[in-house]
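Residue-level structural notes
Here are the chains, one letter per residue:
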Amino acid sequence: MKGYCGKLLEIDLTNETSKEFPLEKTLLKKFIGGRGLGSKLIYDLLPPNIDPLSPENIMLILTGPLTGSAVPGSGKFVVVTKSPVSGGFVDSYSSGRFAPELKFCGYDGLMIRGKAKEPMYVCLRNGKVEFMSAKELWGKDTFDTEEQLREIYGPEIGCICIGPAGENLVKFASINSDFYRQAARGGVGTVMGSKQLKALVALGHKSISCHDPRGLMELLNLHLTKLFQSPVAQNRMKYGTPSTLDVTNAAGMLPTHNFQSGHYEKAKDTLDSEGVYKSIVKSRGCYDCQIACGIITRAKSGPYEGTTVEGPEYETLGLFGPNIGNSYLPAILQANILCDKLGIDTISAANAIAFAMECFERGIIDKKQTNGVELNFGNYEAALDLIESIAYREGIGDTLAGGVHSAAKAFGQDSEDFAMQVKGLEFPAYDPRVGYGTALSYAVSPRGACHRRAWPPALEVLGKADPYSTENKANLVKHLADENTVFHSMLVCDFPAKWIPLEVKEYAKYLTFVTGEQFDEDELWQMADRVETQIRLFNTREGLKRQDDTLPGRIFKEGVVAGPTQGRIIPYDALSKMLDDYYALRGWDKEGFPKDDTIKRLGLTDRGEA
Amino acid sequence: MRIRVIKSNCVGCQACQVVCSMAHYGEFNPKRARLQVPFTHPMPSAPKVCLQCAKPKCVDACPTGALTKGKDQVYLDQELCTGCGECINACPFDAIYMDPVSGLAIKCDLCGGDPACVKFCKRKALEVKE
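So, a few notes on the structure that sits alongside this text. (Residues numbered from 1 in each chain as written. Chains lettered and ligands numbered in written order. Predicted model: local features only at pLDDT ≥ 70, side-chain atom pairs only at ≥ 80, totals over all residues. Heavy atoms only, no water.)

Let's talk about the overall build of chain A
Along the backbone of chain A there are 25 helices and 18 strands. For 610 residues, the compact-globule estimate of 2.2 N^0.38 gives 25 Å, and chain A sits close to it at 22 Å. Projecting the C-alpha coordinates of chain A onto the three principal axes gives extents of approximately 60 × 55 × 50 Å. Across the 610 residues that make up chain A, the buried fraction comes to 66%. Put simply, of all contacts in chain A between residues at least 6 apart along the chain, 70% involve residues at least 24 apart. In chain A, which carries 69 positive and 78 negative side-chain charges, the distance between the mean positions of the two groups comes to 2 Å. (Helix = DSSP H or I, 4+ residues; strand = E, 2+ residues; numbered from the N terminus. Rg over C-alpha atoms; globule rule 2.2 N^0.38 Å. Buried < 20%, exposed > 50% of the residue type's maximum accessible area, 1.4 Å probe, protein only. Contact = heavy atoms within 4.5 Å. Lys, Arg positive; Asp, Glu negative; His and termini not counted. Charge placed at Lys NZ, Arg CZ, Asp CG, Glu CD.)

If you want it as structure tokens, here you go:
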């Protein structure tokens, strides 16, 4: 099929060998690419119950049929592996030149096995695979690493790497790409670190052909024109994703003081869209994305004067802002670049710090543990120091490096109730007490608390669905999650699609223009349903159960402290009812195991049978 | 006639490169594009594209006569190009390139007067200057 290379490169780090891994057309038609293909391959290829940080774990880095084409947001790749955070499936995305370069090298993706004997990086250039010593790069931050690799191989390479946090097996280590972009959630950088794989370089000259270029370009021009007329897109072009903070603050879902409150008065003119706008110096687009929601900001005065970073993205802003009680934007810029350089997920890192601050204020930990530091909310200097302590696993940073779930076990005293995580993965910057559907989406997201699977606030906050009702919520979450699965399998950024807005049927046309195979909308919706059950089969095989589809105690028991959602909780019974509904819609039993007839209906098979 | 780059409008996304390769070869391969966006950070760079110089150094440097100065643009005859790279060394603007597939020089030909990149860039970072 056009659009695909038809093969992965299988890399064995232990033996320093590589070979082609062909992808059959029937497999690609059923699972498309990206998340979909990853769900099938990891289930079939990974033996059950292995330690995610052992050499047996497999790291898949995948693209999709639209990667590298002119469709906006097509410069993305996904890392699929067994998560050291949840013990289940994780798929973590980033953008950058690495994604199209993989296809220019002639591969739809990489399958990385084993563990290097000593620090290594792998370079793919014009059909050659080289296993290189990374002894000199080990210990370096991601920026130094990438600078050095671009110096050796040329500025135009695709390059991904880990920082010290990945080397030190921090549970929320990220994989960096083009300096400022990260596949950060669920410990994918940790898995890369466990393999002693410091970096991957790709540079290729092959072309990506498509079946009907004229049809593709005509549709694309139409959509681009619509995209530039879209008010949402225009807002993103000007402000980047930080303008989301205006909405979340007004709706009472902006996490404040470790999700105690959902509203932050001090955000006005400091962290809201106009506040951040004053620090923007330029927009920066991902590969082939003219929207360019990436903003470059610079601290113009104060202790962090001169700090320049692509960011902060909304999540970083919300979580290193109100959630740690901080309204000083330059400190957020500094936190952002520190996390990028050290190779840490900003979402999980900020959650870990907010959790430690709450533990300190409650007397669960004291100055003995914090090395004499008054770790109160608002102490951004301490937060910045903690980022480094986490990356290098020093002092209390060593405990926090395991994530809030494991830190709560270490600290005890019911701190688990306010360790804001699902399946070990820390909350993104939306308080789920804003609506029952939002709560359900966090609980059932296969990789843990996540806003990138389904984002019900789009409907619950903007008035299209009653936020405090269980009615139709399972359906809503399933629909939103399936829609994203389509985008994340093709693999394109879902932002342009949502801003135009475009429906799945439009993307079915793209897929047909590129591959030459007929895809219709129904097939894609069914593919998404199939993929969700495939992932569920993986998670249940690895021991995840219904009781893991839940939320921390705070969400069930403590009302939001202030703002429009004041006093709101998510009743446990409401979540339980929605879980029943959701499982039924998916064709899973009461305990969340896919039923035999569902497996059959979706054309799935047991492990080992391709 | 030439393509003018308005740097302040450019976000460095390479969409112009992607569409250039499509316009010339019917496939996606930004390394075959006749304009290239250098990778820089944190600030992105704008594309470099042939200025269609009045006194083109590339024409002087070309040993085979493949490059010629026309009335209002510089022409490259691929039939005469040997891929020696002298034009690339001579261009002071880094705006003529080597096609990694054919091994021959490539440069902006203005798509015969209606450049695909200019039409595709909705950021309006590219325009045709008569």
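Still more to cover.
Describing the state of the cysteines
Per the stated rule, a full pass over the model turns up zero disulfides over all chains. The thiol of Cys105(A) is not disulfide-bonded; the next cysteine sulfur, from Cys123(A), is found 8.4 Å away. Free of any disulfide, Cys53(B) has its nearest neighbouring cysteine sulfur in Cys50(B), separated by 6.2 Å. (Disulfide = S-S within 2.5 Å.)

A few points about the environment of Cys293(A)
Assignment of secondary structure puts Cys293(A) in the loop between strand E14 (280-284) and strand E15 (294-298). With residues up to four places along the chain from it excluded, the contact list for Cys293(A) reads Arg236(A), Gly240(A), Thr241(A), Phe495(A) and Trp499(A).

Re the packing of aromatic side chains
Counting across every chain of the model gives 24 aromatic pairs over all chains. Above the plane of the ring of Phe418(A) lies Arg362(A), whose end atom (NZ or CZ) is 4.8 Å from the centre. Over the ring of Tyr25(B) we find Arg32(B); its NZ or CZ atom is 3.6 Å from the centre of that ring. (Phe/Tyr/Trp six-rings, centres within 6.5 Å; stacked < 30°, edge-to-face > 60°. Lys NZ or Arg CZ within 6 Å of the ring centre and 35° of its normal.)

What to know about helix H4 (residues 142-153) of chain A
Residue and element names in this part refer to chain A. With 12 residues, H4 extends 16 Å between its outermost C-alpha atoms, agreeing within 8% with the 16 Å of an ideal straight helix rising 1.5 Å per residue. What H4 keeps buried is the set Thr142, Phe143, Thr145, Glu146, Leu149, Arg150 and Tyr153. Projected down its long axis, H4 carries its buried residues within an arc of 160°, all on one side. Opposite the packed face of H4, turned more than 90 degrees from it, sit the exposed residues Glu151 and Ile152. For H4, the N-terminal cap is Asp141; the gap from its side-chain oxygen to the backbone nitrogen of Phe143 is 2.9 Å. Following H4 by one or two positions, Gly154 adopts a phi angle in the positive range, close to 110°. (Expected span 1.5 Å × (residues − 1). Arc of directions from axis to C-beta. Polar contact = N/O pair within 3.5 Å; in protein donor to acceptor, adjacent residues only side chain to side chain.)

Some remarks on a negative patch on the surface
Together, Glu381(A), Asp385(A), Glu388(A) and Glu394(A) line one region of the surface with negative charge. Position of Glu388(A) relative to the elements: it lies in helix H14 (residues 380-391). (Patch = residues over 30% accessible without salt bridge, like charges linked within 9 Å, V, L, I, M, F, W, Y side chains within 5 Å. Areas by Shrake-Rupley, 256 points an atom, 1.4 Å probe, with all protein chains shown as cover. Salt bridge = Lys/Arg side-chain N within 4 Å of Asp/Glu carboxyl O.)

A few points about the pattern of salt bridges
Pairing of side chains with opposite charge becomes possible as their charged atoms draw close. Residue and element names in this part refer to chain A. Counted by the stated rule, this structure contains 45 salt bridges over all chains. Taking the shortest distance from any N to any O, the salt bridge between Asp44 and Lys40 comes out at 3.0 Å. Note that Asp44 and Lys40 are positioned in helix H2 (residues 34-45) at a spacing of four residues, about one turn of the helix. Lys40 carries the same exposure label as Asp44, and that label is buried. A salt bridge links Glu358 to Arg554, with the nearest nitrogen and oxygen atoms 2.5 Å apart. With Glu358 in helix H13 (residues 346-361) and Arg554 in helix H23 (residues 553-557), the pair connects residues that are 196 residues apart, well separated along the chain. Overall, the relative accessible area of 1% leaves Glu358 in the buried class.

Observations regarding the nonpolar core
Residues Phe320(A), Ile344(A), Ile387(A) and Leu551(A) are the most contacted members of the largest nonpolar core, which totals 99 residues. Ranked by residues supplied to this core, first place goes to H13(A) with 11 residues. When sequence neighbours within four positions are dropped, the list of residues in contact with Ile344(A) reads Ala165(A), Phe172(A), Ala173(A), Ser174(A), Cys339(A), Ala349(A), Ile387(A), Ile390(A) and Ala391(A). Ranked by size, the runner-up nonpolar core spans 97 residues in total, among them Leu46(A), Met527(A), Cys20(B) and Phe120(B). (Core = buried A, V, L, I, M, F, W, Y, C linked by side-chain atoms within 4.5 Å.)

Thoughts on the sheet that holds strand E10 (residues 175-177) of chain A
All names here are of chain A. Taken together, six strands build an open sheet; the order of strands is E8-E7-E12-E9-E10-E11 and the sheet is mixed. The two strands at the open ends of the sheet, each matched to only one other strand, are strand E8 (128-133) and strand E11 (181-183). Going from strand to strand, the sheet's axes swing by 20° on average, the running direction of each strand aside. (Pairing = 2+ DSSP bridges. Axes fitted to C-alpha atoms, helices over the stretch in contact; angles between N-to-C directions.)

Describing the interface of chain B and chain A
Counting residues at the interface gives 32 residues for chain B, matched by 45 residues for chain A. For the pairing of chain B and chain A, the buried interface totals around 3100 Å² over both sides, and the portion due to carbon and sulfur atoms is 60%. When the buried area of chain B at its contact with chain A is split by residue, Phe28(B), Phe39(B) and Lys122(B) rank highest and sum to 25% of it. Between chain B and chain A we count one salt bridge in total. Taking the shortest distance from any N to any O, the salt bridge between Lys31(B) and Glu101(A) comes out at 2.6 Å. Breaking the side of chain B that touches chain A down by element, the ones donating at least two residues are helix H1 (15-25) and strand E2 (27-28) of chain B. Examining the composition of the side of chain B that touches chain A, we find that four residues originate from one element, H1(B), more than from any other. Here the residues of the side of chain B that touches chain A sort into 19 nonpolar, seven polar and six charged. In this sheet, E2(B) lies alongside strand E13 (residues 208-209) of chain A in antiparallel orientation, the contact comprising two bridges. Residue pairing in the sheet places Ser209(A) in a bridge with Glu27(B) of E2(B). (Buried area = accessible area lost by both parts, 1.4 Å probe. Nonpolar A, V, L, I, M, F, W, Y, C, P; charged D, E, K, R; others polar.)

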